[in-house]
Amino acid sequence: MLNAVIQKFSLCYSALTLALLCVLLLFPLPAFAAQPERTPLTLELLQERLKTPTLREGNLTVDLREMVIDLRPENSSFRDSFYKFVRKELQKTGTKPVGLDLSYSLVQGDFIGSDLGLRTPLYAQAIAPIFTAIEQEQLERLRLVCLQSLSIAFPNSKDCKSLLGTLSTTSSEIAVFRGALTLVETRFNGEVQFPHTFFLQSIDAENATFFKATNWNETRFGRPVSFDAASFIQASNFQGSIFFDKANFRKAKFQESVDFQGDFFVKNANFNQAKFKQLVKFNNSLWQEDADFSGVSFVNSAQFNKANFNQFVFFKEATFEKDIIFRETQFNQSVNFHGASILNQADFSDVRFGNAAFLNIPGLNFNSNQAKILGNPGEIGNKFSVPTLQGNQNILRNLGQNFRQQQQVADANQLEYLKQRLKLIELSHNLVAININNASISSLINLGFSPTQGQAIRERREIKAFRNSSELLTLADIDLDTYDKLSDRLLASEPLSLSMWLIQAFNWLLLSVLLLLSGYGTNFWLVFGVGGLAIAYFGLLFWLIDRYRRLRPVPIIPSYYETISILTSFSCLTSLSLLAVFRNTEQPWLTLGCLFMIIVPVPLTLIWRLYQQGRYHDLMNFSYFTEDGTLRQLRLLIGRLPVIPRNPTFRERYMPLLWNRRWNWLNYYDFSLNNLVRLGFNDIRLRDEHLPGIIASLAWYQWSLGLLYITLVLWTLSRTIPGLNLLIYLK
């Protein structure tokens, strides 16, 4: 019985083994699971490879690929010979540069790469003549970059100080690596040292792995450098380095801290989808062209203090789990945070934005209850931008709440202004765009569609209404060029009835007025300027109709002194008000046009009618305006009406203005001030007898505008003064 069980078990085991072998033969392991077979590098093999360099892409290269290079201290004899022989081959002068290829190799022990370079002094007077003309030109570029870095701060590197002549007695030595360096999928088990090294050719370290610390301090990369998908397990130091050509760190992984402080990126720098697990420093760095951090994951803090970005910066889909600091950074072009996630704190304190610079934040993932965005009060709010309101309302709401929590009301109001301006654009589009769900074929043809395309749209909407205009591309007759050309004038929504269209038109008009005259309640000085213009304008009109009555038979006109005084004061008030308007709105002429439509047509029509029909009433030699003679003081006249009551007892209190006083012209501004803001030095009103109805209509018109204006003033003050209206702080 026992033998039968053993035989059965043996048969099952043999069958299982056979099946496993078949699976391995039919389905081999993936390529990434297979490790390259490396050959231990011996001194003889090294000398052989040095004597027979290979030709790759027109360049001679020492081929040490797929090797195990043992540079540990216990193998010191081989290590010393390795540096000696390789350095001798790479430092040959007067010949074509020889590169070094360590791809797929395993380097054990510390790799002192700078010892392989040609050490040469750099003098301010002349560069050593041991290099070729092209190489000397590359070294000369270092002097130019050092000069450019002076715009930020004086360079601390020894080579820059030497080239700029600040080290007159001593010169700076630098190791020059003349050939290309290839490190594709190379594994370094020890430290990698390339400090103070000038690479005249490219570096390709794609998928390389650095298990210990790497030192690229004050290294100069003359050609493109690629650390694509490289892994840095320990700390990395690129401090003070200069990248003369493109720098590629795409998908690089930094497990420990990395230092890029004081780096100079002359060409594009690509950190797309890189991952920084610890602190990363880009302080005092200079970026001449685009910097791409799209999809980067910053697990720990990221510092960009005093960095200078001359071109576009991309943080699209980037994730900031800890602080990101941009203190005193210079942005000259837009910074794109499209789809980025700020989970902790972003500090933009004392950031300098160029004329074309702004923060593009559509799709930004930001929660004001968990994260913060800091910036200079009254400045940072102007720098946020989103293209449309749709899909970005929550972002603007969270940002506004963020600044309200920090008592930065001006910045919160700027975001509200941006939100309402985008809403106005959306309303305008809804009112004038062609709705493809109810537009006639003739309207579609006039818009730019062909008859065939118009018919296809009609047939499609009869089956199912369009939800958005992009669904037009599902029709075979609609091509992409036609859609791109007409998409801005198209709308896909539920058809509006006439009443709903009128309501939207009224909302558009009201929102336009609020934006133009007050920045949607966010700019008190704009409201002040608008009110100043209205007060000066109506004051001049009231003076005109009261003092310039007729020329015949007996002239009733003002004196020259009074005329000059009123015109001079009108010019001064108007100039100050215009200054306030032009300094506090992006569209001053539209603001003035809107104010013109409110205060000019009706009053001028009334005045034209007044002078056309003439005046033939009693009390022609007395002013239409009366003042309260019992009291003269600055008063807040909330409930005051522009005409005195009918009760005869009030005629004893309210006396006509004195035309013969040299300061009489001030009373007309006081009456205009009373009507508009309910504030004045005297209670000035119109008399109640022998008063032309046109003059009363003009006064009541301004008084009615005053109700709207004082409401606008109070609303604006409640939004611009912290604590005046606590309701705006409620979440």
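Given the structure is predicted, the values throughout are model-derived calculations rather than measurements.

Draft legend 1. Structural detail: the environment of Ala439. When you line up the elements, Ala439 lands in the loop between β46 (434–435) and α8 (441–447). Separated by 15 residues in the primary sequence, Ala439 and Gly454 have C-alpha atoms spaced 9.5 Å apart. In contact with Ala439, not counting residues within four places along its chain, are Ile434, Leu444 and Arg461.

Draft legend 2. Spatial organisation of helix α14 (residues 588–599). Its twelve residues place the ends of α14 16 Å apart at the C-alpha level, agreeing with the 16 Å of an ideal helix rising 1.5 Å per residue. Check the buried side of α14 and you find it contacts α11 (498–518), α12 (524–547), α13 (560–583), α15 (601–613) and α18 (693–720).

Draft legend 3. Representation of the side chain of Ser231. Structurally, the position occupied by Ser231 is in strand β19 (residues 231–232). Under the relative-accessibility criterion, Ser231 is labelled buried at 17%.

Draft legend 4. Broad picture of the nonpolar core. Phe82, Phe111, Phe260, Phe271, Phe315 and Phe337 are the most contacted members of the largest nonpolar core, which has 95 residues in total. Here the element with the most residues in this core is helix α3 (residues 76–90); it accounts for five residues. Not counting chain neighbours up to four residues away, the residues in contact with Phe82 comprise Leu41, Leu46, Leu64, Ile69, Leu71, Arg87 and Phe111. Grouped together as the second largest cluster of nonpolar side chains are 54 residues, Leu511, Leu540, Val600 and Tyr624 included.

Draft legend 5. Focus on the pairing of strand β48 (residues 625–628). Burial of β48 is two-sided: the residues Phe625 and Glu627 facing one way and the residues Thr626 and Asp628 facing the other way are all buried. Bridge count for β48 against strand β50 (residues 654–656) is three bridges, and the pairing is antiparallel. Bridge pairing in β50 places Thr626 opposite Pro656.

Draft legend 6. Geometry of a nonpolar patch on the surface. Taken together, Leu496, Leu498, Met500, Trp501, Leu502 and Ile503 make up a surface patch of nonpolar side chains, about 580 Å² in accessible area. The class of Ile503 is partly exposed, set by a relative accessible area of 46%.

Draft legend 7. Broad picture of empty space enclosed by the protein. What the rule picks out here adds up to two cavities of 30 Å³ or more. Roughly 40 Å³ of internal volume is contained in the largest cavity. In terms of lining, the largest cavity is formed by Leu90, Val98, Leu116, Gly117, Leu118, Val176, Phe177, Arg178 and Gly179. Looking at the lining of the largest cavity residue by residue, the class counts come to six nonpolar, two polar and one charged. As a volume, the second largest cavity reaches approximately 30 Å³. What lines the second largest cavity is Phe337, Ile342, Phe348, Leu359, Ile361, Leu364, Ile373 and Phe384. When grouped by side-chain class, the residues that make up the lining of the second largest cavity number eight nonpolar, no polar and no charged.

Parameters and conventions
Residues numbered from 1 in each chain as written. Predicted model: local features only at pLDDT ≥ 70, side-chain atom pairs only at ≥ 80, totals over all residues. Heavy atoms only, no water. Helix = DSSP H or I, 4+ residues; strand = E, 2+ residues; numbered from the N terminus. Contact = heavy atoms within 4.5 Å. Expected span 1.5 Å × (residues − 1). Buried < 20%, exposed > 50% of the residue type's maximum accessible area, 1.4 Å probe, protein only. Core = buried A, V, L, I, M, F, W, Y, C linked by side-chain atoms within 4.5 Å. Pairing = 2+ DSSP bridges. Patch = residues over 30% accessible without salt bridge, like charges linked within 9 Å, V, L, I, M, F, W, Y side chains within 5 Å. Areas by Shrake-Rupley, 256 points an atom, 1.4 Å probe, with all protein chains shown as cover. Salt bridge = Lys/Arg side-chain N within 4 Å of Asp/Glu carboxyl O. 1 Å grid on protein atoms, 1.4 Å probe; cavity = no way out; pocket = protein on both sides within 12 Å on 5 of 7 lines; lining within 4 Å. Points joined across faces, edges and corners; volume = space filled by probe spheres on them. Nonpolar A, V, L, I, M, F, W, Y, C, P; charged D, E, K, R; others polar.

Without other data, these values stay purely geometric and don't point to any function.
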